[in-house]
Amino acid sequence: MLKLDNVTKKFGSFVAVDSLSIEIPEKQMFGFLGGNGAGKTTTFRMILGLLDQTEGEISWNEGGIGYDQSHLVGYLPEERGLYPKLKVEDQLVYLAKLRGMNKQDARGEINYWLERFKVPDYRTKKVEELSKGNQQKIQFISAVLHKPKLLILDEPFTGLDPVNVEMLKEAVKELKEKGTSIVFSSHRMEHVEELCESLCIMHKGAPVVHGKLKEIKRSFGKKNVQIEADFDVSFLKEEEVVLHYKAVPEGATCQIHKEEDAQVLFEALQGKGFVRKFEVEEPSLEDIFIEKVGESYE
Amino acid sequence: MNKFFVILSHTYTNRIKSKAFIITTALMVAAILLMTNIQTVMEVFQGDEDEKSSVALIADEPEASALAASIPGGEIYEGEAEDAKKSVRDGKFDGLLVVEKGEAGLPAGHYYTDEFTSSTDQEVRQALQQVKMNAAARQQNISGEALAEISTPVEFETTALEEGAKSEEELNQARVIVYIMLFVMYLAVIMYGNIIATEVTTEKSSRVMEILISSVSPVTQMFGKITGVALVGLSQFGIFILSGIVGIRMSDSSENSLIQMAGLSNPDWGIITYAVIYFLLGYFLYATLAAVLGSLVSRVEDAQQTVTPMMMLVVVAFFFAISALSNPNAFYIAAASYIPFFTPFVMFTRIGVGEMPVWEVVLSFGVLVGAIILLGVIGARIYRGGVLMYSSSSLWKNTKEALQLSKKE
């Protein structure tokens, strides 16, 4: 269990992270959401001990996270970087050694991961010869090679094509099933929705939403109704039950308070023409974020 | 501690294998072999020309034959001076010496040559001087023995009365050794300081640094790197020294003046021990500074710039040391020898050419070790913040920002 208790980080007068309290249970995936400058990377750096928090406590399994445990921690920084002139294998072996692995084990793991990511022939290539996306795969390997118990991934999916995103997602899910606690940050709400049990949305250093995904959605108390029709549905804007109206191609998305309100909308649409779609669905994280922060983050 | 060695060996093997290292080492070895065999090399190039050097002489007897005997390549010229000059211009002779009777009937010379090569000029002048002296002696009825006695150099010896003081010969030897060592230190600090700063900045600019310092503490990382580069330096200088020894063996001449002068055939181990100690301490002091400076910039292009203050320190230290060579006990030299960044150069020079009480030497070690620890502690903090920082303002601003990053509030 990774526990952050009232953690605050100030840079001079600037508050980068403001009284953040979260708990990340074992063998779970935890998502950090937030725009640029929300404090995600700073939080990760504090968890890793690269920065000291100004106030508060960070503990992992009742202890601190120090360099003596670095073999249990994996980290994929937001700013990707490897030695451009070194060969992939030499590089990975070096980084694995720094995480306390011996050369033989490291070699075995490198083979496994290169095969898995379908790039076994990169082993003897220099990193600078690889494409950005492939460098990122190598970097990901360097974060998981030593079978960490705690894996911190800062924006792991940015800059990858959809095929590689899927490949990485599969790998992450598998690691979680094998017992690794994974903390990751993302710009992309859908990745978090897909992968995480729990999450935290940060805004300007403060957590605005925090908890289990399902509970967050349930307690949000609002639903979306998706409507697609052959006629203009903009008159729904005037309905009292509609909290938020958004026009989409061939229809609209209306936000309502509770499921029963959908009935009002359904009746309003009666007799106006052909309705191709009428669906009540859970709110997306995006909706929650906009609601809590008052603005879109993208 | 284990990771310290991982970083150390990684730094070491990568450096040793790098093209830059192999090329500079090879070039230096070639230069050393050349320098130690400079006489042989020079002979190869000028061997033929030397024999050809010839001087035409136009003089009356008995001066003519005396000069012909004492000037190498001297040859009595039968004919007009104008023709002889022409032959000089044509390259048949290197020069022409015309001797006439000057004041008081003593011989006076006029030397014509195409080019002034001071050595022939000097030889001719000396030979003529001798001839003139003999002529003058004859005029004054001074016997040959008397003349020989007059021209013998005076016997002169110096003895230092202070116990343990170095004799003039020892002092000269020490000066040469100290000078060589100073130069080696100067070179090493500049070379390896630059390497360290560049390595740190490279790791920063390629952004691999964040992975490194999430695995290993920045302090371990910094000192692992510094020690790794130190070993590279020691290996490199080991190769240089070895090639120096090989070069001296190859030249196998006892008249090799440089080696004689430095007493390398019979080295003073005391001064070499001091040299090694000051070299290592000085290296660690400057290397720590270089690592810290390197951590403050994010682009490799800026690394050169950021080490400029360090380079200036080295240059100033070097000049203090050079002036200490001739004046080891001056007050400003004594003062400078306790300023940590100057100590390895200046104190070492003072020990080399002067007499230093033990307590001063020990004190200087203390100053150096203290400074290294202090710089290490402060440097580690700056380094820790600096490696996470990617802004590009002035050095001073960056330092403050780095310190703030590593602070709690």
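What counts as what
- Residues numbered from 1 in each chain as written.
- Chains lettered and ligands numbered in written order.
- Predicted model: local features only at pLDDT ≥ 70, side-chain atom pairs only at ≥ 80, totals over all residues.
- UniProt positions renumbered as here; feature names shortened; annotations may be inferred.
- Core = buried A, V, L, I, M, F, W, Y, C linked by C-beta atoms within 7 Å.
- Buried ≥ 20, exposed ≤ 12 C-beta atoms within 10 Å, placed from the backbone.
- Helix = DSSP H or I, 4+ residues; strand = E, 2+ residues; numbered from the N terminus.
- Contact = placed C-beta atoms within 7 Å.
- Axes fitted to C-alpha atoms, helices over the stretch in contact; angles between N-to-C directions.
- Parallel < 35°, antiparallel > 145°, perpendicular 65-115°, else oblique.
- Left-handed = near helix turned anticlockwise from the far one by under 90°.
- Nonpolar A, V, L, I, M, F, W, Y, C, P; charged D, E, K, R; others polar.
- Domains from an automatic or database assignment.
- Pairing = 2+ DSSP bridges.

Taking an unreviewed UniProt entry as the reference, chain B is identified by name as Sodium ABC transporter permease belonging to Salimicrobium jeotgali. The heading Subcellular location (unreviewed entry) in the UniProt record of chain B holds the text "Cell membrane".

Looking at an unreviewed UniProt entry, one finds chain A named ABC-2 type transport system ATP-binding protein, with Salimicrobium album as its source organism. UniProt, in its Sequence similarities (unreviewed entry) section for chain A, records the words "Belongs to the ABC transporter superfamily."

Q: Report on the nonpolar core, specifying residues and quantitative values.
A: Residue and element names in this part refer to chain B. Ile196, Ala287, Ala290 and Ala291 are the most contacted members of the largest nonpolar core, which totals 137 residues. Residue contributions to this core peak at 14 residues, all from helix 12 (residues 269–295). Contacts of alanine 287, omitting those with residues within four sequence positions, involve Tyr192, Gly193, Ile196, Ile226, Val229 and Ala230. Counting 16 residues, the second-largest nonpolar core is a separate cluster that includes Ala56, Ala84, Val124 and Ala127.

Q: Give me the UniProt feature "domain: ABC transporter" (unreviewed entry) in chain A: which residues, what numbers.
A: Under the local residue numbering, the UniProt record ascribes the feature "domain: ABC transporter" (unreviewed entry) to residues 2–229 of chain A. Across residues 2–229 of chain A one finds 34% helix and 29% strand; the C-alpha atoms that close the span lie 48 Å apart.

Q: Quick rundown of the packing of helix 10 (residues 218–251) of chain B against helix 12 of chain B? Include the residues and the values.
A: All names here are of chain B. Contact pair helix 10 / helix 12: the axes reach a minimum separation of 10 Å and the direction vectors enclose 130°. On the basis of the axis angle, helix 10 is oblique to helix 12. Helix 12 is crossed by helix 10, and the crossing has right-handed handedness. Across from Met222, Lys225, Ile226, Val229 and Ala230 in helix 10, the residues of helix 12 making contact are Tyr283, Phe284, Ala287, Thr288 and Ala291. Residue composition of the contact of helix 10 with helix 12, grouped by class: eight nonpolar, one polar and one charged.

Q: Outline the domain arrangement of chain B, listing residues and values.
A: Domain assignment breaks chain B into domain 1 (53–151) and domain 2 (167–405). A C-alpha centroid distance of 56 Å is found between domain 1 of chain B and domain 2 of chain B.

Q: Tell me about the UniProt feature "transmembrane region" (unreviewed entry) in chain B, residues and numbers included.
A: Residues and elements named next belong to chain B. Taking the UniProt record as the reference, the feature "transmembrane region" (unreviewed entry) is found at residues 20–38, 176–197, 229–251, 271–294, 306–325, 331–349 and 361–383. Along residues 271–294 one finds 100% helix and 0% strand; the C-alpha atoms at either end are 33 Å apart. In the segment residues 306–325, helix accounts for 95% and strand for 0%; the C-alpha atoms at its two ends are 31 Å apart.

Q: Can you tell me about the sheet that holds strand 6 (residues 150–154) of chain A, naming the residues and giving the values?
A: Residues and elements named next belong to chain A. Here we have six strands laid out as an open sheet, ordered 5-6-7-3-8-9, and mixed in their pairing. Single-partner strands in this sheet number two, and they are strand 5 (73–76) and strand 9 (206–212). Sheet twist, expressed as the mean angle between neighbouring strand axes with direction ignored, is 15°. Pairing analysis gives four bridges linking strand 3 (residues 29–33) to strand 8 (residues 198–203), with the strands arranged parallel. Following the sheet pairing, leucine 33 is matched in strand 8 by isoleucine 201.

Q: An account of the interface of chain B and chain A is needed here, citing residue identities and associated values.
A: Residue-level contacts link 19 residues of chain B with 24 residues of chain A. In terms of residue count, the dominant contributor to the side of chain B that touches chain A is helix 9 (residues 209–215) of chain B (six residues). Partitioned by chemical class, the residues of the side of chain B that touches chain A number eight nonpolar, six polar and five charged.

Q: Describe the pairing of strand 12 (residues 251–256) of chain A, with residues and values.
A: Residue and element names in this part refer to chain A. With six bridges joining them, strand 10 (residues 223–229) and strand 12 adopt antiparallel strand pairing. Following the sheet pairing, isoleucine 227 is matched in strand 12 by alanine 252. Pairing between strand 11 (residues 244–248) and strand 12: five bridges, direction antiparallel. Across the sheet, lysine 246 pairs through a bridge with threonine 253, a residue of strand 12. Two successive antiparallel strands, strand 11 and strand 12, enclose a turn made up of two residues, where glutamate 250 displays a positive phi of approximately 60°.

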